[in-house]
Amino acid sequence: MASETCDIVIVGGGTSGLVLANRLSEDPDLQVMVLESGEDRAADPSTLTPGAWPMLTSSPANWTFQTVPQQNMERKITVPQGKALGGSSAINSFLFTSTSRSHVEAWKSLGNEGWDYATYEDALKKSFTLHKPLDMTEGTGPVQLTLAAPEGLWEKAWIDGLQSVGFPTTNPLYGRLGGPNIAPESIDPKTMQRSYAANAYLDPVRNRSNLSIQTGATVTKVLLEKSPSGGEAVAKGVQFLSNTGELQTIAARKEVIIAAGVINSPRILERSGIGGAGLLQRLEIDVIIDNPYVGENLQNHLFTGLVFEVRDEVDTIDAFFRQEPDAVAAAMHNYGTQGTGPMSTSNMVTMAQLPLPDFHSEDGHKELNLLLDTDPAAPDSSFTTMAFSVTHKAFVRKVLTDPSEAVGNYVFGPAYAPFDAPSPTYRAPGKFVSVAVELSHPLSRGTVHTTSPKPEHASTNEGVDIDCRYLSHPLDLEVLARQLRFTEDIITKAEPIMQHLKPYTKRFTDLDYTKDYVRRTVDGAYHYTGTCSMMPLAMGGVVDSRLRVYGCSNLRVCDASVIPIEPTAQPQAVVYAVAEMGASFIKEDIK
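Residues numbered from 1 in each chain as written. Predicted model: local features only at pLDDT ≥ 70, side-chain atom pairs only at ≥ 80, totals over all residues. Heavy atoms only, no water.

K.L.:
Quick question: what am I supposed to make of the overall build of the chain here?
P.N.:
If you tally the helices and strands in the chain, you get 16 helices and 24 strands. Relative to the globule expectation of 25 Å for 591 residues, the C-alpha radius of gyration of the chain, 23 Å, shows essentially globular dimensions. Principal-axis analysis of the C-alpha atoms places the extent of the chain at approximately 75 × 60 × 40 Å. Each of the 591 residues in the chain was classed as buried or not, and the buried ones make up 60%. Sequence separation of 24 or more characterises 73% of the internal contacts of the chain that already satisfy a separation of 6 or more. Counting only carbon and sulfur atoms, one obtains 51% of the accessible surface of the chain, whose full area is about 22,100 Å². Between the centroid of the 49 positive side chains of the chain and the centroid of its 69 negative side chains there is a distance of 1 Å. (Helix = DSSP H or I, 4+ residues; strand = E, 2+ residues; numbered from the N terminus. Rg over C-alpha atoms; globule rule 2.2 N^0.38 Å. Buried < 20%, exposed > 50% of the residue type's maximum accessible area, 1.4 Å probe, protein only. Contact = heavy atoms within 4.5 Å. Areas by Shrake-Rupley, 256 points an atom, 1.4 Å probe, with all protein chains shown as cover. Lys, Arg positive; Asp, Glu negative; His and termini not counted. Charge placed at Lys NZ, Arg CZ, Asp CG, Glu CD.)

K.L.:
I would appreciate a short explanation of the packing of aromatic side chains in the present structure.
P.N.:
For any pair of aromatic rings, geometry is given as the distance between the ring centres together with the angle between the planes. According to the stated counting rule, one finds 18 aromatic pairs in the structure shown. Judged by centre distance (5.6 Å) and plane angle (5°), the rings of Trp-63 and Phe-65 are stacked. Judged by centre distance (6.0 Å) and plane angle (55°), the rings of Trp-154 and Phe-412 are tilted. With a gap of 258 residues between them, Trp-154 in helix H5 (residues 153-164) and Phe-412 in strand E19 (residues 408-413) connect regions that are remote in the sequence. Comparing Trp-154 with Phe-412, the two get one shared label, buried. Members of the aromatic cluster, each reached through a chain of ring pairs, are Trp-107, Trp-115, Tyr-117, Tyr-120 and Phe-585. Here the guanidinium or amino end of Lys-83 rests over the ring plane of Trp-63, the centre of that ring lying 4.3 Å away. (Phe/Tyr/Trp six-rings, centres within 6.5 Å; stacked < 30°, edge-to-face > 60°. Lys NZ or Arg CZ within 6 Å of the ring centre and 35° of its normal.)

K.L.:
Just to check I follow, could you spell out the environment of Leu-443 for this structure?
P.N.:
Among the structural elements, Leu-443 can be located in the loop between strand E20 (432-439) and strand E21 (447-450). For the pair Leu-443 and Val-396, spaced 47 residues apart in the sequence, the C-alpha separation amounts to 7.8 Å.

K.L.:
When you look at unusual backbone geometry in this model, what are you seeing that I'm missing?
P.N.:
With the exception of glycine, most residues fall at negative phi, and the peptide bonds are largely trans. Despite not being glycine, Glu-284 shows a phi value in the positive range, around 60°. Inspection of the secondary structure puts Glu-284 in the loop between helix H8 (277-282) and strand E16 (289-290). Looking at Glu-284, the relative accessible area reads 74%, which means it is exposed. Of note, Gln-323 is a non-glycine position whose phi angle comes to about 60°, a positive value.

K.L.:
Which parts of the structure should I look at to understand the environment of Gly-295?
P.N.:
In this fold, Gly-295 is placed in the loop between E16 and strand E17 (302-309). In this structure, the C-alpha to C-alpha distance between Gly-295 and Gly-276, residues 19 residues apart in sequence, is 9.3 Å. The residues touching Gly-295, leaving out its near neighbours within four places in the chain, are Pro-266, Gly-446, Thr-447, Val-448, His-449 and Thr-531.

K.L.:
Sorry, what's going on with helix H10 (residues 325-338) here?
P.N.:
Since one α-helical turn is 3.6 residues long, residues separated by three or four positions face the same way. Look at H10: 19 Å from first C-alpha to last across 14 residues, which is about the 20 Å you get at 1.5 Å a residue. Once H10 ends, the next one or two residues include Gly-339, with phi positive near 70°. (Expected span 1.5 Å × (residues − 1).)

K.L.:
Just checking my understanding: could you explain the nonpolar core for this structure?
P.N.:
Counting 166 residues, the largest nonpolar core has Trp-158, Leu-269 and Leu-555 as its most contacted members. If one sorts the elements of this core by residue count, helix H16 (residues 572-589) sits on top with 11 residues. Not counting the four nearest positions on each side in its chain, Trp-158 is found in contact with Pro-180, Thr-350, Met-351, Ala-352, Tyr-410, Phe-412, Val-435, Ile-491 and Ile-497. Ranked by size, the runner-up nonpolar core spans 9 residues in total, among them Trp-53, Phe-94, Phe-320 and Met-343. (Core = buried A, V, L, I, M, F, W, Y, C linked by side-chain atoms within 4.5 Å.)

K.L.:
Even after reading the chapter, I still don't get the environment of Met-192, so can you show me in this structure?
P.N.:
Counting through the fold element by element, Met-192 comes out in the loop between strand E9 (187-188) and strand E10 (193-194). Judged by its relative accessible area of 17%, Met-192 is buried. Along the sequence, Met-192 and Gly-339 sit 147 residues apart, while their C-alpha atoms lie 6.0 Å from each other. Ignoring any residue separated from it by four or fewer positions in sequence, one finds Met-192 in contact with Leu-48, Pro-50, Ile-187, Tyr-335, Gly-339 and Ser-344.

K.L.:
How should H5 be read in this particular structure?
P.N.:
Helix length check: H5 (12 residues) gives 16 Å between terminal C-alpha atoms against 16 Å at 1.5 Å per residue, within 8%. Listed in full, the buried residues belonging to H5 are Trp-154, Ala-157, Trp-158, Ile-159, Gly-161 and Leu-162. Where H5 is buried, its residues meet strand E8 (180-182), strand E18 (350-354), E19, E20, helix H13 (474-493) and helix H14 (495-498). The first or second residue beyond H5 is Gly-166, which carries a positive phi of 105°.

K.L.:
Just checking my understanding: could you explain the side chain of Ser-46 for this structure?
P.N.:
Summarising the element assignment, Ser-46 is placed in helix H2 (residues 45-48). Among all residues touching Ser-46, those that are not within four sequence positions of it are Ala-52, Trp-53, Met-55 and Leu-56.

K.L.:
Just to check I follow, could you spell out the pairing of E20 for this structure?
P.N.:
Successive side chains on a regular strand alternate, one facing one side of the sheet and the next facing the other. The buried count for E20 comes to 8 of 8 residues, which makes it a mostly enclosed element. Of the two faces of E20, the one carrying Phe-432, Ser-434, Ala-436 and Glu-438 and the one carrying Val-433, Val-435, Val-437 and Leu-439 are both buried. Note that E17 and E20 share 7 bridges and pair antiparallel. Residue pairing in the sheet places Phe-303 in a bridge with Glu-438 of E20. By the bridge criterion, 6 bridges tie E19 to E20 in an arrangement that is antiparallel. In the sheet register, Gly-413 faces E20, and the bridge partner there is Ser-434. (Pairing = 2+ DSSP bridges.)

K.L.:
Just to check I follow, could you spell out the pattern of salt bridges for this structure?
P.N.:
Pairs can form between side chains of opposite charge whenever their charged atoms are close. Tallied over the full model, the rule gives 30 salt bridges. In this structure, the salt-bridge partner of Lys-587 is Glu-26, at a minimum N-O distance of 2.6 Å. With Lys-587 in helix H16 and Glu-26 in the loop between helix H1 (15-24) and strand E2 (32-36), this pair connects stretches of sequence that are 561 residues apart. (Salt bridge = Lys/Arg side-chain N within 4 Å of Asp/Glu carboxyl O.)

K.L.:
Can you walk me through the sheet that holds E17 in this structure?
P.N.:
The strands that make up a sheet are held in pairs by hydrogen bonds between backbone atoms, and each pair lies either parallel or antiparallel. The 6 strands are arranged E8-E18-E19-E20-E17-E23 in an open sheet whose pairing can be described as antiparallel. Of all strands in the sheet, those bounded by a partner on one side alone are E8 and strand E23 (523-524). Running at roughly 150° to E20, H13 makes contact with E17, E18, E19 and E20 of the sheet. (Axes fitted to C-alpha atoms, helices over the stretch in contact; angles between N-to-C directions.)

K.L.:
Help me understand the sheet that holds strand E7 (residues 143-146) in this model?
P.N.:
In space, the 3 strands of this open sheet follow the order E6-E5-E7, with mixed pairing throughout. Two strands in the sheet have a free side with no partner beyond their single neighbour: strand E6 (136-138) and E7. Across this sheet, the average inter-strand angle for adjacent strands is 20°, counted without regard to direction. Both strand E5 (residues 128-132) and E7 contribute to a ladder of 4 bridges, which runs parallel. Paired with Leu-130 across the bridge in E7 is Leu-145.

K.L.:
I keep staring at the packing of H13 against helix H15 (residues 511-521) and nothing clicks. Help me out?
P.N.:
In a packed pair of helices, the relevant descriptors are the angle between the two axes and the axis-to-axis distance. Interhelical geometry of H13 versus H15 gives an angle of 105° and a closest axis separation of 9 Å. On the basis of the axis angle, H13 is roughly perpendicular to H15. Where H13 abuts H15, its residues Leu-477, Glu-478, Leu-480, Ala-481, Arg-482, Leu-484 and Arg-485 lie against Leu-511, Thr-514, Lys-515, Tyr-517, Val-518 and Arg-519. Of the residues in the contact of H13 with H15, the class split is 7 nonpolar, 1 polar and 5 charged. (Parallel < 35°, antiparallel > 145°, perpendicular 65-115°, else oblique. Nonpolar A, V, L, I, M, F, W, Y, C, P; charged D, E, K, R; others polar.)

Structure, rendered in structure tokens:
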């Protein structure tokens, strides 16, 4: 079993891990090692070409986890997680949207000092350079963002249409949401290729002599030493499985930082002896720190959607999505020669974050209270504390009743989306526009737990139990059904949109019918958070406000798993901000 030593070991070279690698190796006196289970895909055209990103869902760069069968959906759900340098920033779509001010302040209100919105926003701004229309730029951060002008027919129709029914445009990057917008994409306008953690944060510093990157290296556990006096444990290093199948160790002089993602971070903690004592004992894992909250509080956005048929004379990109040879050839030519067309974008930038009027009136408040009272303040899973359950529910109630807060995230695109289709790959003949309708504030909370201590399972999607418990809280189904009904209502009232559509008959006037549609068509977004939540231990926390694991003096978690309440929309930007804040904490604490 070979061994070496460094100052800081970063477990996972994903979105957060590479931010930490860049920022911590700024100090030439710190020896930093990153261990990544996946490979470097920086030269892979599918990774870099924006329009090719759907191909990555079945590539080796994806862990492709599966949930257990979901009781309220009667099927399993695929859980993508990036398995490559850059992590999920290497495989997911490109939308770069922040969360609301009220969300970040809610994290702080749980007891997380230092997480005020101003500090969060400063960290977010460190991460990006925004390239706006007319060659204007904002910021000097590593991730390059492209913001398109709303110049196309459908972009204009969406913006003008929502404005016509009372929703002015908003900026998706800065805290106050509630209207339509064109979302920035993590695409470098100079190359028209994906800008992600590997080429934005890592490539500029790969040659630092104090930074080492090892791919094909899967950490099986953190090596922990119990205190003989009953004090805090100490992380002495990590054990990992090399790409040759050999078990090796690396010693850490200062800190071990787990940045392995929402599924693998709690799995590694449990395999290391940090988790619920009952679970660990059943798996014959030595209990180092008994914390039953590890792997709890899994949250994710749910989505479904609507499809509208378009007038024959109006253009869409359906032919490209159906992979018709002429359309694909034209798209490849336009991308290769001009950097334009459907290969140059995720094709999902036209969106909105909107309130839901159903609960804004006095009668609406009463109705919401009745809905919440159908599920009293009881915890939603066995290790969710009453304190967090009550606080989470109060936050969601506040958002739902505030006309200035976004309740749902809506993504609009000029093509057919298979929300209610024979298979996920089905593409209907004809021309369409689609609206994905996403539940921004789920109250259903799930779990992630290891089921095997075997080292060989650590590098696979086996040996872990994922139960998202989708729709387990009745309010989630109620709100998402109402969002769907609300979407249909505003679209059919928005003349700038309707003028391009064929005659449409409303389907979702009956709420019970709409709920049945939601149950049948709903799916999980790729927006997982919460399994190593940042909050007080007594409330259900795994890490404190400086991301230190409770009970261990020099072990942290820094990735999406620490986010205690799901962000409003796509979490890519939020994860970069969390990693920037984490890097600042670590640099301050190890001086």
